[in-house]
Amino acid sequence: LALAVALLASAGLLMRSFAKILEQSPGFDSTGVLTATISLPEAKYADEAAQARAFRRMCDEGKARPGVTAAGLTTTLPFSGTNAGQMFRIVGRPSAGVNLHAALRRVDEGYFAAMGIPLLQGRTFARSDWNAGSHDVIVDALFAKKHFPNGDAVGGTLYLGSSGDSYVYTIVGVVGNVTHGNLAKTASKETFYFDFGARPNQWGWLAVRPAGPLSSLLEPLRTAIRKVDPDQPVFNVGSMEQRVQQS
């Protein structure tokens, strides 16, 4: 009997701990967001210009579906098992032999609204940033606090890589911190966001936020993608809420 009581107590503690973890905010609004993976075939979309056009049109078609309030693109979706990073230098500061490194995300102008990630300072990307000449960057609050503790992150400038990069990137905005893959851990890695269209590739995630139930958008989303390319498959479709819970 004592063993049974102990086991029940342990199980109850475990369930309370799990419930407490699920109550933690990931830094975005996971409710009511449908996501899907788009992988463009290389034979059809061989260059960056073709890839950019395809993703732009697919996102626009997704956003045009009735009831959709926001839609956006990213190369690295939270709680998807994907990740990326990049070394950088802050212009005007000596490196002192230390390689700075941050998590890297490429997103379009609709991504933060679709995911419910708050803008804290400055601005997010604009539609006009969607070109190969964009050298704007958005950082999260952790990045801003760590590297610009005086609150002057917006307007700060960066080089990508440890050396030799001639492009200067200007910080135009600061957004909230996002937990990428484990609710039990707060965001501990600073993150910067670059414009999706400045350097597209064959792989991307589409995030769509409808006003109604997600189930009503499943087929319209596939229809939107096929309107751009009838042969384009859409896979790994799921809600952000499910991805967070399954983490």
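Up top is the structure these notes are about.
None of the values given here were measured: they were computed from a predicted structure. (Residues numbered from 1 in each chain as written. Predicted model: local features only at pLDDT ≥ 70, side-chain atom pairs only at ≥ 80, totals over all residues. Heavy atoms only, no water.)

### Details of the overall build of the chain
When helices and strands are tallied, the chain shows 6 helices and 11 strands. Scored against the burial criterion, the 247 residues of the chain give a buried share of 45%. Across the chain, the fraction of contacts at a sequence separation of at least 24, relative to all contacts at a separation of at least 6, is 79%. (Helix = DSSP H or I, 4+ residues; strand = E, 2+ residues; numbered from the N terminus. Buried < 20%, exposed > 50% of the residue type's maximum accessible area, 1.4 Å probe, protein only. Contact = heavy atoms within 4.5 Å.)

### Some details on the side chain of Arg209
You can see Arg209 is positioned in strand S10 (residues 203-210). Within polar-contact distance, the side chain of Arg209 engages the backbone oxygen of Asp29 at 2.8 Å. A distance of 2.8 Å separates a polar atom in the side chain of Arg209 from the backbone oxygen of Thr31. When near neighbours in sequence (up to four residues on either side) are disregarded, Arg209 contacts Asp29, Thr31, Gly32, Val33, Gly67, Val68, Thr69, Ala70, Ala113, Ala114, Met115 and Gly116. (Polar contact = N/O pair within 3.5 Å; in protein donor to acceptor, adjacent residues only side chain to side chain.)

### A few points about the pattern of salt bridges
Summed over all chains, the structure comprises 13 salt bridges. The partner of Lys44 in a salt bridge is Asp229, and the shortest N-O contact between them spans 3.2 Å. Of this pair, Lys44 sits in the loop between strand S1 (34-39) and helix H2 (48-63) while Asp229 is found in the loop between helix H5 (218-228) and strand S11 (235-239), placing the two residues 185 residues apart along the sequence. Judged by its relative accessible area of 42%, Lys44 is partly exposed. The exposure class assigned to Asp229 is buried, which follows from its relative accessible area of 4%. The partner of Arg127 in a salt bridge is Glu109, with the nearest N and O atoms 4.0 Å apart. Separated by 18 residues along the polypeptide, Arg127 in the loop between strand S5 (119-122) and strand S6 (136-140) and Glu109 in the loop between strand S4 (100-107) and helix H3 (111-115) bring together distant segments of the chain. Arg127 gets classed as partly exposed once you look at its relative accessible area, which sits at 43%. When salt bridges with common partners are traced through the structure, they connect Arg56, Asp60, Asp108, Glu109 and Arg127 into a single cluster. (Salt bridge = Lys/Arg side-chain N within 4 Å of Asp/Glu carboxyl O.)

### Structural notes on the packing of aromatic side chains
Within this structure, the stated rule accounts for 11 aromatic pairs. For the ring pair Phe55 and Phe196, a centre distance of 5.2 Å and an interplane angle of 75° mean the geometry is edge-to-face. Of this pair, Phe55 sits in helix H2 while Phe196 sits in the loop between strand S9 (191-195) and S10, and the two are 141 residues apart along the sequence. As far as burial versus exposure is concerned, Phe55 and Phe196 are alike and both buried. Note on Trp203 and Phe235: the rings are 6.0 Å apart at their centroids and 65° apart in plane angle, and the pair reads as edge-to-face. Residue Trp203 is located in strand S10, and its partner Phe235 is located in strand S11; the two are separated by 32 residues in the primary sequence. Clustering of aromatic rings is evident, with ring pairs tying together Phe88, Phe143, Tyr169, Phe192 and Phe194. The positively charged end of Arg93 is found above the aromatic ring belonging to Phe148, 4.8 Å away from the centroid. (Phe/Tyr/Trp six-rings, centres within 6.5 Å; stacked < 30°, edge-to-face > 60°. Lys NZ or Arg CZ within 6 Å of the ring centre and 35° of its normal.)

### Considering the packing of H2 against H5
Running from N to C, H2 and H5 point in directions that differ by 145°, and their axes come no closer than 8 Å. Where H2 crosses over H5, the two elements pack in a sense that is right-handed. Where H2 approaches H5, its residues Ala54, Arg57, Met58, Glu61 and Gly62 are matched on the opposing element by Ala224, Ile225, Lys227 and Val228. Classifying every residue of the contact of H2 with H5 by side-chain character gives 5 nonpolar, 1 polar and 3 charged. (Axes fitted to C-alpha atoms, helices over the stretch in contact; angles between N-to-C directions. Left-handed = near helix turned anticlockwise from the far one by under 90°. Nonpolar A, V, L, I, M, F, W, Y, C, P; charged D, E, K, R; others polar.)

### Regarding the environment of Ala224
As for its placement among the helices and strands, Ala224 is situated in helix H5. Looking at Ala224, the relative accessible area reads 0%, which means it is buried. Not counting the four nearest positions on each side in its chain, Ala224 is found in contact with Glu61, Gly62 and Arg65.

### Some details on H5
Leu221, Ala224, Ile225 and Val228 are the residues of H5 that are buried. One side of H5 holds all its buried residues, which, seen down the axis, span an arc of 95°. Along its buried surface, H5 packs onto S1, H2 and S10. (Arc of directions from axis to C-beta.)

### What about the pairing of strand S3 (residues 85-90)?
Sheet analysis places S3 next to S4, joined by 4 bridges and oriented antiparallel. Residue pairing in the sheet places Phe88 in a bridge with Leu100 of S4. With 3 bridges joining them, S3 and strand S7 (residues 157-160) adopt antiparallel strand pairing. Counted as the bridge partner of Phe88 is Leu160 from S7. (Pairing = 2+ DSSP bridges.)

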